[in-house]
Amino acid sequence: MKDFYNNIYAALGTLTPLRGDCGRACNKACCEGDKDGDGMYLFPFEEEMYTSLPSWASISETDFEYDKGKFAPLFSCDGVCDRNLRPLSCRIFPLTPYIAKDGELEVIVDPRANGMCPLSSLYVEDFEPDFVKAVEKVGKLLLENAETKKFLEAFSRILDDIKFI
Ligand code: SF4
Ligand code: SF4
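For the structure given in this document, a descriptive report is provided here. No experiment lies behind these values; they were computed from the predicted model shown.

Regarding the packing of aromatic side chains
1) Next: This model, assessed by the stated rule, comprises eleven aromatic pairs.
2) Next: Aromatic side chains tyrosine 41 and phenylalanine 155 sit 6.3 Å apart centroid to centroid with 90 degrees between the ring planes, which places their arrangement in the edge-to-face category. Within this pair, whereas tyrosine 41 is found in strand S1 (residues 40-41), its partner phenylalanine 155 is found in helix H6 (residues 146-163), the two being separated by 114 residues in sequence.
3) Next: Pairwise contacts between aromatic rings join Tyr41, Phe43, Phe64, Tyr66, Phe151 and Phe155 into one cluster.
4) Next: The side chain of arginine 91 reaches across the aromatic face of tyrosine 9, ending 3.7 Å from its centre.

Have a look at this one:
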């Protein structure tokens, strides 16, 4: 599955949520949170991209069961990373592909960004259009594999719960 993720990472390339560096204003709040022991889910098989784990990262288990007996691992870091090695969840944040209850693929602002990321109050239309398109493409690519599709469906239901808290 390395090719699968290399292809997905390539769809995003060097695109960022806004034209400039959004981390300048917030001092990279999303990465600071990771430093405190939180982390980002790895998508199914994405762990294969970390056969040798960088010194600034760790991977642990979670209780997020996206399919029968299949649990999403959590990727945590020291708050600083080699951008080329950051996981997909970091590359797309604070947007995310999302499967609505009617099965439609959408791109939404990740509700986990609320209260932490200054961009969380923006509409999807306010983000860099090429970045939004790339996140949509990532969603389409994730739907091409049965397991990553299951993950995205289950993950979308978690986001629903957060949205309505
Ligand atoms: S995504 Fe949000 S929290 Fe992360 S660096 Fe950009 S503005 Fe800051
Ligand atoms: S891996 Fe990199 S982008 Fe992701 S939270 Fe850590 S420092 Fe931030």
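From this point, the narrative continues.
Quick look at the layout of surface pockets
1) Next: The space that makes up the largest pocket amounts to roughly 660 Å³.
2) Next: The set of elements that each furnish at least two residues to the lining of the largest pocket consists of helix H2 (23-26), helix H3 (29-35), strand S5 (74-77) and helix H4 (88-92).
3) Next: Taken together, the residues that form the lining of the largest pocket break down as 20 nonpolar, four polar and six charged.

Thoughts on helix H1 (residues 2-12)
1) Next: Turning to H1, its buried residues number three or more, namely Phe4, Tyr5, Ile8, Tyr9, Ala11 and Leu12. Axial view of H1: buried residues confined to an arc of 150 degrees, hence all on one face. Opposite the buried face of H1, at more than 90 degrees from it, the exposed residues are Asp3 and Ala10.
2) Next: Along its buried surface, H1 packs onto H4, helix H5 (129-143) and H6.
3) Next: Just downstream of H1 lies glycine 13, where phi reads positive at about 50 degrees.

Rules and cut-offs
- Residues numbered from 1 in each chain as written.
- Chains lettered and ligands numbered in written order.
- Predicted model: local features only at pLDDT ≥ 70, side-chain atom pairs only at ≥ 80, totals over all residues.
- Heavy atoms only, no water.
- Phe/Tyr/Trp six-rings, centres within 6.5 Å; stacked < 30°, edge-to-face > 60°.
- Helix = DSSP H or I, 4+ residues; strand = E, 2+ residues; numbered from the N terminus.
- Lys NZ or Arg CZ within 6 Å of the ring centre and 35° of its normal.
- 1 Å grid on protein atoms, 1.4 Å probe; cavity = no way out; pocket = protein on both sides within 12 Å on 5 of 7 lines; lining within 4 Å.
- Points joined across faces, edges and corners; volume = space filled by probe spheres on them.
- Nonpolar A, V, L, I, M, F, W, Y, C, P; charged D, E, K, R; others polar.
- Buried < 20%, exposed > 50% of the residue type's maximum accessible area, 1.4 Å probe, protein only.
- Arc of directions from axis to C-beta.
- Contact = heavy atoms within 4.5 Å.

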